[in-house]
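# Reading the structure
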Amino acid sequence: MNRAESERLSVRFRSHGYMEAPNAEAADVVVVNSCVVRKHAEDKVVNKLHNLKALKKRLSDMRIVLTGCFVGQTPAELQALFPYVDDFLRPGEFPDWLPETDCAPVAPVHPAVSAYVPIIQGCNNFCAYCIVPYRRGREKSRLPEDIICEVRRLVPHGIKEVILVGQNVDSYGHDLPDSPNLAQLLTELNGIEGLSRLRFLTNHPKDMTQTLIDAVACLDKVCRQINLPVQSGDDDILQAMNRGYSVADYRDLMLRLRRVMPDMAITTDVIVGFPGEDDTHFQNTYDLLAELRFDAVHVAAYSPRPGTLAASRLVDDVPQDTKKARLAAVEALQERIASEINAAYLGQTLEVLVDGTSKGRWQGRTRSDKMVFFSSAENLHGKAVLVQIGKTSPWSLQGKLFQS
């Protein structure tokens, strides 16, 4: 979401004649787009603002713009704390001195193959560990016609893949007239000529419908890859997290996804060491991950986030060493599972959308979001090519261009 909002701000600035500066010292305007999901990230924002304060003393004409989750719902309070900041913008807002122009360019600032397109802002779920609803506010969907127009304007600039983003994309449209849903939006976008791939994130298990599952199964441009955060494999911990579903609910959703699309690549998020998590709770999570066999698991050790329900009402009672051990156990399990899943691709020929280079080789992703590296003397940036896989690892695949 932050990347999407930064790109949209850059487009708006360029539409008014601005160009990217090489560094802050050379800039007329410095924009700080903040993420504060963790306290450490918020501290980095504060440090950056303090550094800019010193810079502005030397360069009095510099304009400082602060946006993102740090601004949240209380920009007036921040004005007192940071009086040298000129503009405070809530997430997704634009400065009023940069009005929208009819001829605004939509090409990404840097050559890109994929583009993030926000479709919904905010969240209504109030998971106990999460600060997002307090900073980004309640869910607010964009009009489908605005999203479709944006995607249509991106395609002529080389964008082949669009990733629809939101704190909870599964809730898209419930607050709009006629209540359009994500399945309907995907169906409309699927018909845009020149667009090759569609993805969406992040999902909430309690809000993913069978209608959406069926749409993904039948729309040819929607990639069969999804992130579906489980967070814990124990019902007591899920309830304490205020997640709104049980392990049985989640397992049923996974079975329905794989029944319709056996080739679906599914990733998940897990928090270990949440308040009250004992050895049995953790073992239940470990066992669920071993049973469901995800393509990737994004695991984090719990740390209290001031301003959240968990930080104010629950005691952070799991020792740090225990958190680290549980995190390491999940990582080791997932490395083995990912190795086995990826090994099945050995010898297969996969479509790869090339998005850049790394260490002298081309890189790109499959429709199942597997990173692939291969060599070629041709300029293949932005092209979809067939690559025959000759080597696999838990983290990526390697191969060579398929010669028919």
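Before reading on, note that the structure itself is shown above.
Since we're looking at a predicted model, the values are computed, not measured.

It is at 8 Å that the axes of helix H6 (residues 182–190) and helix H7 (residues 210–218) come closest, and there the two elements cross at 20°. As judged from the angle between their axes, H6 and H7 are roughly parallel. As for the relative orientation of H6 and H7, their crossing is left-handed in sense. On H7, the residues that touch Leu 182, Ala 183 and Leu 186 of H6 are Thr 211, Leu 212 and Ala 215. Residue classes in the contact of H6 with H7 are distributed as five nonpolar, one polar and no charged.

What follows is about the nonpolar core. By size, the foremost hydrophobic cluster in this structure holds 59 residues, and its most contacted members are Ile 119, Leu 164, Leu 182, Leu 185, Leu 186, Phe 200 and Leu 257. What Leu 164 contacts, discounting residues up to four positions off in sequence, is Val 117, Ile 119, Val 169, Leu 182, Leu 185, Leu 186, Leu 189, Arg 199, Phe 200 and Leu 201. In this structure, Ala 27, Cys 69, Phe 70 and Val 85 belong to the second largest nonpolar core, which totals 19 residues.

A few words now on the pairing of strand S13 (residues 361–365). Summarising the sheet, strand S12 (residues 349–358) and S13 pair through five bridges and their orientation is antiparallel. Residue pairing for S13: Gly 356 is matched across the bridge by Gln 363. Here S13 folds back onto strand S14 (residues 371–375), and the loop between the two strands holds five residues, one of which, Asp 369, carries a positive phi near 70°.

Strands sit in the order S1-S2-S3 across an open sheet of three strands; the sheet is parallel. Because the sheet does not close on itself, it has two edges, and the strands there are strand S1 (29–34) and strand S3 (87–88). Looking at chain direction, strand S2 (residues 63–68) and S3 are connected through two bridges and run parallel. When the sheet's bridge partners are listed, Leu 66 is paired in S3 with Phe 88. Taken strand by strand, helix H1 (residues 2–15) contacts S1 and S2, and its axis lies near 160° from that of S1. Running over the sheet, helix H2 (residues 39–58) touches S1 and S2 and is turned about 170° from S1.

Turning next to the packing of aromatic side chains. Scanning the model with the defined rule gives ten aromatic pairs in all. With a centroid separation of 5.9 Å and an interplanar angle of 70°, the aromatic rings of Phe 13 and Trp 97 are classed as edge-to-face. With Phe 13 in helix H1 and Trp 97 in the loop between S3 and strand S4 (114–118), this pair connects stretches of sequence that are 84 residues apart. We classify Trp 97 as partly exposed; its relative accessible area is 23%. Each ring, one from Phe 126 and one from Tyr 134, has its centre 5.3 Å from the other, and the planes form 75°; the classification is edge-to-face.

As a further point, take the pattern of salt bridges. Applying the stated criterion across every chain, the model contains 23 salt bridges. Among the ionic pairs, Glu 150 bridges to Arg 142, the shortest N-O distance being 2.8 Å. Judged by its relative accessible area of 15%, Glu 150 is buried. Taking the shortest distance from any N to any O, the salt bridge between Glu 351 and Arg 367 comes out at 3.9 Å. In this pair, Glu 351 sits in strand S12 while Arg 367 sits in the loop between S13 and S14, placing the two residues 16 residues apart along the sequence. Classification of Glu 351 by relative accessible area gives partly exposed; the value is 32%. For Arg 367, a relative accessible area of 24% puts it in the partly exposed group. Three or more residues joined by partner-sharing salt bridges are found here, namely Arg 8, Arg 142 and Glu 150.

Between the first and last C-alpha of helix H12 (residues 320–343) there are 34 Å, a value that for 24 residues agrees with the 34 Å anticipated at 1.5 Å per step. Within the sequence span of H12, burial applies to Lys 323, Arg 326, Leu 327, Val 330, Leu 333, Gln 334, Ile 337, Ala 338, Ile 341 and Asn 342.

Quick notes on the rules
Residues numbered from 1 in each chain as written. Predicted model: local features only at pLDDT ≥ 70, side-chain atom pairs only at ≥ 80, totals over all residues. Heavy atoms only, no water. Axes fitted to C-alpha atoms, helices over the stretch in contact; angles between N-to-C directions. Helix = DSSP H or I, 4+ residues; strand = E, 2+ residues; numbered from the N terminus. Parallel < 35°, antiparallel > 145°, perpendicular 65-115°, else oblique. Left-handed = near helix turned anticlockwise from the far one by under 90°. Contact = heavy atoms within 4.5 Å. Nonpolar A, V, L, I, M, F, W, Y, C, P; charged D, E, K, R; others polar. Core = buried A, V, L, I, M, F, W, Y, C linked by side-chain atoms within 4.5 Å. Buried < 20%, exposed > 50% of the residue type's maximum accessible area, 1.4 Å probe, protein only. Pairing = 2+ DSSP bridges. Phe/Tyr/Trp six-rings, centres within 6.5 Å; stacked < 30°, edge-to-face > 60°. Salt bridge = Lys/Arg side-chain N within 4 Å of Asp/Glu carboxyl O. Expected span 1.5 Å × (residues − 1).

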